[in-house]
Amino acid sequence: MNLLRLAWAYFSHRLILPVAALSIALGVAVLFTVLAVFQGFLVEFEGNIRNFSGDVVVEVPRLVAQTEAQYKEWLEEVEGVSSAVPRLHWFGLVGRRGSRAVDDPRSSDLSGILMMGVDAEELSIAPAHSEDALPMVMAKPLAERLGIQLGGIVEIVTQRAGGRRPVPVRQSFELVDFFHTGRFDQELDRVFVRRADLASLCRTEPPFTAWKIRGEEGLAAASLATRIRQNFEQKNLAMFDQPRVSTWRDLGGNFLRAAENQKGILGVVFGFIVLVAAYQLIATLLLTVAEKRQDIGILGALGASPLRITGFFVGLSLLISSLGSALGLLLGWFLAHHLHWGERLLGHGQPIFRQEIYKFDHIPVAVDLPSIAVLLCATLCTSVIFSLLPAWRASRLQIVQALRQR
Amino acid sequence: MSDTNVSPISANSANPAGSGTAPSPVLATTNLHKSYRVGNSTLHVLRGVEMELHTGQVTALMGSSGSGKSTLLQLLGLMDSCNQGQILLRGRCIHNLRAGAAAKVRAQELGFVFQQFQLIQELSALENVLLPRRIARGLSWFSNRGQERLRANAVLKEVGLGDRCRHRPHQLSGGEQQRVAIARALVSSPPVLLADEPTGNLDRQTGNDVLDLLLNLARTRGTAMLLATHDKQIAARCDRILHLEDGQLQ
């Protein structure tokens, strides 16, 4: 585009054109921020689930007839499985030692808790200092809620497996370490203990309730889950012995799907801001064509064909939208990475993004390059489409009449 | 050099080289007609104009206001279309070209100098001069941009504005703006230059200076120039004079 210099001269001398670029920039910035936040949620949530539960989780029915070794063999023989780690998940009620909560379940001090029995290969749990307590790792929010610190003791009440009547058991656990996932709900509702300790406490047989499966790099979790299901189907297990195989996406459940839907819906809704900003280009360019009739006549007299004049105005529109998009990306990136400024401004110092609502103790942000590429392409294509009418009008001007304007 | 009695299609007087055989004209028209519809009536502006322009020859086109001078220049410059007749540029019919092809002819073979200068206010003098080259270059990135810039600078020096390259039109006087317009018209070295009252917006002294420059450049470069004017003194300095009255060359 050799008339780009003229387009730039117009841009730099006519305020209306940078203003049009600025409106596109604002639209792109808002959309960038929204997409970055939702992508952040999705990425963080995915990372969190995969880190916690693996790519695929195999949940074993109660009182399954097979042994741990048998299960491990069946899982590891599936093509694409890189590791299979057993876990023992057991629910209980937790309360601080000395509090009356454990003895008085009406108290609000008592919390339901998921005890995750893991092996050292997954999480190394240091031994407890107290002789009558088992070691436990919990997150800081739960420790704060229970009012304990490292070395503190909590009481857990649960029941043993099997038997006709439930047999309650009570065990002291010493907090030996903290874990952090960034997910507020997870940090409140679960603790890690040694699997052997938990199995012994609850007398479960076999000593596992789930398997955390990691797939080979690049293998989709859904296809890995299908292979595992097919492998179990070939084992001719009794109907009640069939395990439930879930991918990390299944485990994400409604929150993950809601975040994905929200990202799509808000992308479309905020996309209209960009669309309106680009639509404004029609008015801006029509005004420019009206004001620059004489220049169009000069271009024609100097040998610019109607097609070239069309191209010039399309190029001018592209210049405006490109600069607007570039500025919008920078602004969006800045906004996305300084959300706390907006939070402070909008909330008058009070937090808006509460972790109880948004699950994470921070607002995650991730730039989704394909989405940004689509955003840029859509903006530029829209600006080209919207410039066609003004450009066509400019190309239809009669040189002689255009030159007469003063 | 003035020749007020020259026949409109006479080739004899249009032989600056002075050779025995008449050279073929650079630009010629035959039986050129142009009319406009005004309400229910038709306004005939040009009625069968026949003329020739020759290399290195400056031709004055005189006529009163509304005689059709500007219309003739617009037709010759392919900025408007005729109703009847032919325009031949170097023997090639150009009056019925499509818009794209006509634009190419304007870019490569015709130069224009307007009464109102017609410079783009947002561009500097140098950029205004470069504009025809940028248009002629099309979408190609591979032409020698540096060479073009040097050439535009040289033409600006020729018109005496070597030190005003970076000035924008509003920072130049009327005479200087017209000089920029002349440089722009000549930067592509077109064989034909069409000038419509080039001194009409200038005071007498400045107009004379600009005219001197224009005539000098056209003659030294061997450009065929048609200069529309209603000023007899200006016409008298041209090589030939054509009178246009009621749409016909007298």
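Residues numbered from 1 in each chain as written. Chains lettered and ligands numbered in written order. Predicted model: local features only at pLDDT ≥ 70, side-chain atom pairs only at ≥ 80, totals over all residues. Heavy atoms only, no water.

Bringing the sheet that holds strand β2 (residues 41–53) of chain B into the picture now. Residues and elements named next belong to chain B. One open sheet accounts for four strands, arranged β2-β1-β4-β5; its pairing is antiparallel. Each edge of the open sheet is held by one strand with a lone partner, namely β2 and β5 (92–93). Here strand β1 (residues 27–38) runs beside β2; their pairing, made up of ten bridges, is antiparallel. The residue of β2 that forms the bridge with T29 is M51. (Pairing = 2+ DSSP bridges. Helix = DSSP H or I, 4+ residues; strand = E, 2+ residues; numbered from the N terminus.)

Attention shifts here to the sheet that holds strand β6 (residues 110–113) of chain B. Consider a sheet: its strands pair through backbone hydrogen bonds, and that pairing is either parallel or antiparallel. Residues and elements named next belong to chain B. Ordered in space as β6-β7-β8-β3-β9-β10, the six strands form an open sheet in which the pairing is mixed. The strands lining the two open edges of the sheet, one partner per strand, are β6 and β10 (248–249). As paired elements, strand β7 (residues 192–196) and strand β8 (residues 224–229) share five bridges and run parallel to each other. Along β8, the bridge assignment pairs L194 with L226. Its contacts with the sheet place helix α6 (residues 204–221) against β3 (58–62), β6, β7 and β8, and it is angled at close to 155° to β8. (Contact = heavy atoms within 4.5 Å. Axes fitted to C-alpha atoms, helices over the stretch in contact; angles between N-to-C directions.)

Residues and elements named next belong to chain A. Taken as a whole, this structure holds 27 salt bridges over all chains when the rule is applied. For E260, the salt bridge is made with R249, and the minimal N-O distance between the two is 2.4 Å. Looking at E260, the relative accessible area reads 29%, which means it is partly exposed. Measuring nitrogen to oxygen at the nearest pair gives 3.9 Å for the salt bridge that ties D295 to K292. Here the two residues D295 and K292 agree in accessibility, since each one is buried. One network of salt bridges, with partners in common, ties together E46, R50 and D55. (Salt bridge = Lys/Arg side-chain N within 4 Å of Asp/Glu carboxyl O. Buried < 20%, exposed > 50% of the residue type's maximum accessible area, 1.4 Å probe, protein only.)

Bringing the environment of G85(B) into the picture now. Residue and element names in this part refer to chain B. Take G85: it is sitting in strand β4 (residues 84–89). C-alpha separation for the pair G85 and E50, spaced 35 residues apart in sequence, amounts to 9.0 Å. With residues near it in sequence (within four places) discarded, G85 still touches T30, N31, L32 and H95.

The next point concerns the interface of chain B and chain A. In this assembly, 29 residues from chain B lie in contact with 27 residues from chain A. Buried surface at the junction of chain B and chain A, both sides included, amounts to about 2500 Å², of which 59% is carbon and sulfur. For the chain B face of the interface with chain A, the top three residues by lost area are Q118(B), E122(B) and I135(B), together amounting to 26%. At the surface where chain B touches chain A, the tally comes to two salt bridges. In this structure, E122(B) and K292(A) form a salt bridge, with 2.5 Å as the shortest nitrogen-oxygen distance. On the surface where chain B and chain A come into contact, there are seven residue pairs in polar contact (both at pLDDT 80 or more). For the side of chain B that touches chain A, the elements supplying multiple residues, two or more each, are α2 (99–109) and α3 (125–137) of chain B. Here the side of chain B that touches chain A takes six residues from α3(B), the largest share from any one element. Taken together, the residues of the side of chain B that touches chain A sort by class into 14 nonpolar, six polar and nine charged. (Buried area = accessible area lost by both parts, 1.4 Å probe. Polar contact = N/O pair within 3.5 Å; in protein donor to acceptor, adjacent residues only side chain to side chain. Nonpolar A, V, L, I, M, F, W, Y, C, P; charged D, E, K, R; others polar.)

Bringing the nonpolar core into the picture now. Formed by 73 residues in total, the largest nonpolar core has its most connected members in F313(A), I320(A), M51(B) and L61(B). In this structure L61(B) touches K69(B), L72(B), L73(B), L226(B), L227(B), A228(B), T229(B), L242(B), L244(B) and L249(B), once residues within four positions along its chain are discounted. Counting 40 residues, the second-largest nonpolar core is a separate cluster that includes A152(B), L211(B), A235(B) and C238(B). (Core = buried A, V, L, I, M, F, W, Y, C linked by side-chain atoms within 4.5 Å.)

Residues and elements named next belong to chain B. Inspection of the secondary structure puts E176 in helix α5 (residues 174–186). On the accessibility criterion, E176 (18% relative accessible area) is buried. Excluding its chain neighbours within four sequence positions, the residues that come into contact with E176 are L161 and R164.

All names here are of chain B. Across the six residues that make up β8, a large majority, six, are buried. Along β8, one buried face is formed by A224, L226 and A228 and the opposite face, lined by M225, L227 and T229, is buried too. Here β3 pairs with β8 via five bridges, running parallel. The residue of β8 that forms the bridge with V58 is M225. Regarding the hand of the β-α-β motif, the stretch spanning β7, α6 and β8 is right-handed. (Right-handed = clockwise from strand over helix to strand, strands pointing away.)

This paragraph deals with the domain arrangement of chain A. Residues and elements named next belong to chain A. When cut into domains, chain A gives domain 1 (4–47 + 254–404) and domain 2 (61–242). One C-alpha centre belongs to domain 1, the other to domain 2, and the line joining them spans 50 Å. Buried surface at the junction of domain 1 and domain 2, summed over both partners, amounts to about 570 Å²; 57% is from carbon and sulfur atoms. Applying the counting criterion to the domain 1 and domain 2 interface returns zero salt bridges. If you look at where domain 1 meets domain 2, you find zero residue pairs in polar contact (both at pLDDT 80 or more). Each residue belonging to the side of domain 1 that touches domain 2 can be placed in one class, and the counts come to two nonpolar, one polar and three charged. (Domains from an automatic or database assignment.)

The next point concerns the packing of aromatic side chains. Residues and elements named next belong to chain A. For the structure on display, the rule yields 15 aromatic pairs over all chains. Ring geometry for F52 against F179: centres 6.3 Å apart, planes inclined by 65°, an arrangement best described as edge-to-face. Placement of F52 in helix α2 (residues 16–53) and of F179 in strand β6 (residues 168–179) is noted, with a sequence separation of 127 residues between them. Judged by relative accessible area, which is 11%, F179 ranks as buried. An angle of 85° between the planes, with centres 5.1 Å apart, marks the rings of F179 and F192 as edge-to-face. With a gap of 13 residues between them, F179 in strand β6 and F192 in strand β7 (residues 190–194) connect regions that are remote in the sequence. Accessibility classification places F179 together with F192 in one group, the buried group. (Phe/Tyr/Trp six-rings, centres within 6.5 Å; stacked < 30°, edge-to-face > 60°.)

Here we take up unusual backbone geometry. Residue and element names in this part refer to chain A. P206 follows E205 through a cis peptide bond whose omega is 0°. Take P206: it is sitting in the loop between α6 (195–202) and β8 (210–215). In this structure, R203 is a non-glycine residue whose phi angle is positive, near 55°. Position of R203 among the secondary structure elements: in the loop between α6 and β8.

All names here are of chain B. With seven of its eight residues buried, helix α1 (residues 69–76) lies for the most part within the structure. Three or more residues of α1 are buried, namely K69, T71, L72, L73, Q74, L75 and L76. One or two residues past the end of α1 sits L78, with phi positive at roughly 60°.

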